[in-house]
Amino acid sequence: METIRALQQTVATTKVDQEKVLVEVRAEQALRQDQFQVELDASHASNEELREANEELRRDLQCMGECTTGEQSPPIPVRARPMPFSQAIMNVVIPTNFMTPKITFTSTEDPEAHITAFHTQMMISGGTDAMHCKLFMGTFSGTTLDWFISLPDGHITSLDQFSTLFRE
């Protein structure tokens, strides 16, 4: 009988302990939720400040164009989808399992070294000239990507031509 009483007392103590832990967990959850809400509100405020700063910069840039000439400058046209590659290159599909190059050109590296590294990786991977054109473009970032996008539509017809343009 004493064993049963001891077990009942242990169960009662365990329930009390569980309730205490549950209260502590709920309090900690509420505290974390409050902290998260504070951080979220701060993030929203920061985003709003950045949005306002961006709008101010846009207005200043627009004013610079208008104020220097005394008249409103026309907006710079943006091509909807720049397509410097010929249609033949654009029509080529790169298989999803094709090994893509693991290099990036940010315009701070030596262009010749980048071309050599790219050609080396393409010798290992194989593929067609058109695939290599698309993959070569995929190694660009920053101002180099801007340069590529600025090329006339349909201008690039081969990797040799693309490499020569890139070197220049």
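Rules used in this analysis
Residues numbered from 1 in each chain as written. Predicted model: local features only at pLDDT ≥ 70, side-chain atom pairs only at ≥ 80, totals over all residues. Heavy atoms only, no water. Helix = DSSP H or I, 4+ residues; strand = E, 2+ residues; numbered from the N terminus. Buried < 20%, exposed > 50% of the residue type's maximum accessible area, 1.4 Å probe, protein only. Contact = heavy atoms within 4.5 Å. Areas by Shrake-Rupley, 256 points an atom, 1.4 Å probe, with all protein chains shown as cover. Salt bridge = Lys/Arg side-chain N within 4 Å of Asp/Glu carboxyl O. Phe/Tyr/Trp six-rings, centres within 6.5 Å; stacked < 30°, edge-to-face > 60°.

## Section: the overall build of the chain
Part 1 of the argument: Looking only at helices and strands, one finds six helices and zero strands in the chain.
Part 2 of the argument: Taken from N to C terminus, the helices and strands of the chain fall in the order α-α-α-α-α-α.
Part 3 of the argument: Considering the chain as a whole, with its 168 residues, one finds that 18% of them fall into the buried category.
Part 4 of the argument: Here the analysis covers contacts within the chain between residues at least 6 apart in sequence; of these, 67% occur between residues at least 24 apart.
Part 5 of the argument: Just so you have it, the chain exposes about 12,600 Å², and 58% of that area is on carbon and sulfur atoms.

## Some thoughts on the pattern of salt bridges
Part 1 of the argument: If you walk through the whole model with that rule in mind, you get two salt bridges.
Part 2 of the argument: The salt bridge involving Arg32 is made with Glu28; its shortest N-O contact spans 2.8 Å. Of the two residues, Arg32 and Glu28 are both situated in helix α1 (residues 2-69); the distance of four residues between them amounts to about one turn of the helix.
Part 3 of the argument: For Arg32, a relative accessible area of 55% puts it in the exposed group.
Part 4 of the argument: The exposure class of Glu28 is partly exposed, given its relative accessible area of 41%.
Part 5 of the argument: Between Arg167 and Glu112 there is a salt bridge whose closest N-O contact spans 2.7 Å. With Arg167 in helix α6 (residues 159-167) and Glu112 in helix α3 (residues 111-125), this pair connects stretches of sequence that are 55 residues apart.

## Things to note about unusual backbone geometry
Part 1 of the argument: Look at Ser107: it is not a glycine, yet its phi comes out positive at around 80°.
Part 2 of the argument: Mapped onto the elements, Ser107 comes out in the loop between α2 (87-91) and α3.
Part 3 of the argument: When its relative accessible area of 38% is taken as the criterion, Ser107 is described as partly exposed.

## Things to note about the packing of aromatic side chains
Part 1 of the argument: For the coordinates displayed, the defined rule picks out 14 aromatic pairs.
Part 2 of the argument: Ring centres of Phe85 and Phe162 lie 5.7 Å apart, and the angle between their planes is 85°; on these two criteria the pair is classed as edge-to-face. Taken as a pair, Phe85 in the loop between α1 and α2 and Phe162 in helix α6 lie far apart in primary sequence, 77 residues in all. As far as burial versus exposure is concerned, Phe85 and Phe162 are alike and both buried.
Part 3 of the argument: Aromatic pair Phe148 and Phe162: ring centres 5.6 Å apart, planes at 40°, arrangement tilted. Remark: Phe162 occurs in helix α6 and Phe148 occurs in helix α5 (residues 143-150); sequence separation between them is 14 residues.
Part 4 of the argument: On the accessibility criterion, Phe148 (5% relative accessible area) is buried.

Interpretation note: all reported values are geometric properties and have no functional meaning in isolation.
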